[in-house]
Amino acid sequence: MLSSLKKINILSILAIIFFCLVAGWQLSAWSLEPIPERFQAGRETYLESCSSCHIAIPPEVMPTETWRKILEKPQNHYGTSVNLVSLNQILIWQYMKYYSRPLNQDEQVPQHLDESRYFKALHPAIPLPEPLTLKTCIICHPSANSFDFRDLSNQWQ
Ligand code: HEC
Ligand code: HEC
């Protein structure tokens, strides 16, 4: 009895160690800045759900209303469909809402980055590619794939 219990304990400890290694390995692919604990699950869910077809977009480049629209209708996403269960929708929304800013009342909700006042404000007097697509970020942000937009290519340092 005792020895079989011990066996189970060792097995579960091994399982936990294995899980931590795998989780640590996965997280290390992202260069994430520390954020408050209450938004961490939201950010992880965001990165898991929104980085498979294009890079994960930093929340601050779009207004809160754009994120709300995207999260409310994931099945209607720029000509494709995104799978999101409602729990993930809520987790992502809490994170995106906190890290983005609302529009003024008379402003239109932008659908694309080049229509977003917040994106423009983050790129003052920077000549941007035309068309500005999610594939172009990496030209100036070499670590865009790891969700790091502070890291800039030599030209901009
Ligand atoms: C199934 C693939 C797929 C997934 C998953 C996905 N997207 Fe997209 N997304 C696209 C496609 C396709 C486009 C249009 C082409 C492009 O901009 O790359 C797009 C475009 C966008 C744009 C507009 C970019 C612009 O300036 O034109 C935003 C914003 C966006 N996605 C946010 C998200 C968010 C938030 C999530 C997670 C909820 C997400 N995407 C998950 C496929 C996807
Ligand atoms: C032509 C070069 C260029 C392109 C392309 C570009 N950026 Fe930038 N971006 C910059 C520069 C330079 C800065 C720093 C501006 C400053 O601090 O004055 C910046 C700043 C940012 C910041 C703020 C980073 C911080 O300090 O926290 C974000 C977020 C960002 N860019 C996102 C994007 C995204 C998303 C794309 C792709 C749609 C993109 N950028 C495309 C040059 C570029």
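The structure under discussion appears in the preceding block.
None of these values were measured; they are calculated from a predicted model.

A few words now on the overall build of the protein. Summing up its helical and strand segments, the protein has 6 helices and 0 strands in all. In sequence order, the protein lays out its α and β elements as α-α-α-α-α-α. Residues counted as buried form 17% of the 157 residues belonging to the protein. Contacts in the protein between residues at least 24 apart in sequence constitute 68% of all its contacts with a sequence separation of at least 6.

It is worth spelling out the site of ligand 2 at this point. Neighbouring ligand 2 are 22 residues, the closest being Pro58, Cys137, Cys140, Phe149 and Trp156. Among the elements that make up the shell around ligand 2, the one with the highest residue count is helix 6 (residues 137–140) (3 residues). The residue inventory of the shell around ligand 2, partitioned by class, reads 17 nonpolar, 3 polar and 2 charged.

Looking now at the nonpolar core. Core analysis: the biggest nonpolar cluster contains 16 residues, and Tyr46, Trp67, Ile92, Tyr95 and Met96 have the highest contact counts within it. Where this core is concerned, the elements lending two or more residues are helix 2 (37–49), helix 3 (64–72), helix 4 (86–98) and helix 5 (117–122). Not counting the four nearest positions on each side in its chain, tyrosine 46 is found in contact with Ala56, Ile92, Tyr95 and Met96.

Further remarks concern the packing of helix 3 against helix 4. Between helix 3 and helix 4, whose axes approach to 10 Å, the crossing angle comes to 170°. As judged from the angle between their axes, helix 3 and helix 4 are roughly antiparallel. Here Thr64, Trp67 and Leu71 of helix 3 lie close against helix 4, whose contacting residues are Gln89, Ile92, Trp93, Met96 and Lys97. The class makeup of the residues in the contact of helix 3 with helix 4 is 5 nonpolar, 2 polar and 1 charged.

Two packed helices can be described by the angle between their axes and the distance between those axes. Taken N-terminus to C-terminus, the directions of helix 2 and helix 4 make an angle of 110°; their axes are 8 Å apart at the nearest point. Taken together, the axes of helix 2 and helix 4 are roughly perpendicular relative to one another. Residues Phe39, Ala41, Gly42, Arg43, Thr45, Tyr46 and Ser49 of helix 2 pack against Asn88, Leu91, Ile92, Gln94, Tyr95, Met96 and Tyr98 of helix 4. Its residues assigned to classes, the contact of helix 2 with helix 4 comprises 8 nonpolar, 5 polar and 1 charged.

In this structure, the amide linkage connecting glutamate 130 to the following residue, proline 131, adopts the cis form with an omega of -5°. Examined against the element boundaries, proline 131 turns out to sit in the loop between helix 5 and helix 6. If you check the backbone angles, alanine 125 has positive phi at about 55° while not being a glycine. With respect to the secondary-structure elements, alanine 125 resides in the loop between helix 5 and helix 6. Overall, alanine 125 belongs to the exposed group, with 4 C-beta atoms counted inside 10 Å. The phi angle at phenylalanine 147 is positive, at roughly 65°, despite the residue not being glycine.

Tracing the chain through its elements places alanine 121 in helix 5. On the basis of neighbour counts, which here come to 11 C-beta atoms within 10 Å, the residue alanine 121 falls in the exposed class. Considering only alpha carbons, one finds alanine 121 and valine 61, 60 residues apart in sequence, at a separation of 8.6 Å.

The rules behind each value
Residues numbered from 1 in each chain as written. Chains lettered and ligands numbered in written order. Predicted model: local features only at pLDDT ≥ 70, side-chain atom pairs only at ≥ 80, totals over all residues. Helix = DSSP H or I, 4+ residues; strand = E, 2+ residues; numbered from the N terminus. Buried ≥ 20, exposed ≤ 12 C-beta atoms within 10 Å, placed from the backbone. Contact = placed C-beta atoms within 7 Å. Near = placed C-beta within 6 Å. Nonpolar A, V, L, I, M, F, W, Y, C, P; charged D, E, K, R; others polar. Core = buried A, V, L, I, M, F, W, Y, C linked by C-beta atoms within 7 Å. Axes fitted to C-alpha atoms, helices over the stretch in contact; angles between N-to-C directions. Parallel < 35°, antiparallel > 145°, perpendicular 65-115°, else oblique.

That is the geometry; function is a separate question.
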